[in-house]
Amino acid sequence: MSNLQFDFNVDLANNTVLVVREFDAALSLVWDAFTKPEILDQWWAPKPFESRTKVMDFQVGGRRFYAMVSPEGHEMWQVQQYTSITPKTNFKYLSAFADKDENMNLPGSDWDLTFSEENGITKVSISIYNESQERMQKMIEMGFKEGFTMTLNYLDQIL
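Attention in this report is confined to the structure presented alongside it. (Residues numbered from 1 in each chain as written. Predicted model: local features only at pLDDT ≥ 70, side-chain atom pairs only at ≥ 80, totals over all residues. Heavy atoms only, no water.)

Time to look at empty space enclosed by the protein. Counted according to the given criterion, the structure contains one cavity of 30 Å³ or more. In this structure, the largest cavity spans a volume of roughly 50 Å³. Around the largest cavity, the lining residues are Phe34, Leu40, Trp44, Arg64, Gln80, Tyr82, Phe91, Tyr93 and Leu113. Looking at the lining of the largest cavity, the elements that each hand over two or more residues are strand 5 (75–86) and strand 6 (90–98). Of the residues that constitute the lining of the largest cavity, the class distribution is seven nonpolar, one polar and one charged. (1 Å grid on protein atoms, 1.4 Å probe; cavity = no way out; pocket = protein on both sides within 12 Å on 5 of 7 lines; lining within 4 Å. Points joined across faces, edges and corners; volume = space filled by probe spheres on them. Helix = DSSP H or I, 4+ residues; strand = E, 2+ residues; numbered from the N terminus. Nonpolar A, V, L, I, M, F, W, Y, C, P; charged D, E, K, R; others polar.)

This is the structure:
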């Protein structure tokens, strides 16, 4: 196991999850892995699920509409609406579950991703805020920590 930082903290009192993960890769590569659908779909799902992006328009006001697809073909749709982008430094989005017609199931969660690089190691800090305590609890019960840990490990392998 490498000595790269990986912290996963759940703050139930503030409805927030904070994930900090370092990758032994250049910032531009890590940024692309989070912002280009052809790379995202290679790692943005815990196995045996697959990520399939239907639409991705990475700009403020744009969105990513994608499905997590089970081996049996069951699709769980999600929308990410981009609210702020500072190239290669930070981007924010509202994430919400949706149906196949892109009707969002609100409330969602607010994601804030910050990227920094030092000595060839890129650090990604991800803050996830849920306005709803109920949604936060549901995320945790659905195995979000285990699933997201798995996906970040896939990204590490790809990089």
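With that settled, the discussion passes to the layout of surface pockets. Within this model, the largest pocket holds a volume of roughly 610 Å³. Every element with two or more residues in the lining of the largest pocket is listed here: strand 4 (63–69), strand 5, strand 6, strand 7 (104–118), helix 3 (133–141) and helix 4 (144–158). Broken down by element, the lining of the largest pocket gets its largest block of residues, five residues, from strand 5. A breakdown of the residues in the lining of the largest pocket according to their chemical character gives 15 nonpolar, seven polar and two charged.

Inspection of the secondary structure assignment puts serine 95 in strand 6. Exposure remark for serine 95: the relative accessible area of 2% places this residue in the buried category. Within polar-contact distance, the side chain of serine 95 engages the side chain of glutamine 78 at 2.8 Å. (Buried < 20%, exposed > 50% of the residue type's maximum accessible area, 1.4 Å probe, protein only. Polar contact = N/O pair within 3.5 Å; in protein donor to acceptor, adjacent residues only side chain to side chain.)

Scanning the entire structure with this criterion turns up seven salt bridges. Among the salt bridges present, the one from aspartate 41 reaches arginine 64, with a minimum N-O distance of 3.1 Å. Pair noted here: aspartate 41 is in helix 2 (residues 37–43) and arginine 64 is in strand 4, with a separation of 23 residues, a long-range link. Arginine 64 gets classed as buried once you look at its relative accessible area, which sits at 0%. (Salt bridge = Lys/Arg side-chain N within 4 Å of Asp/Glu carboxyl O.)

Such coordinate-based values are descriptive only and should not be taken to indicate function.
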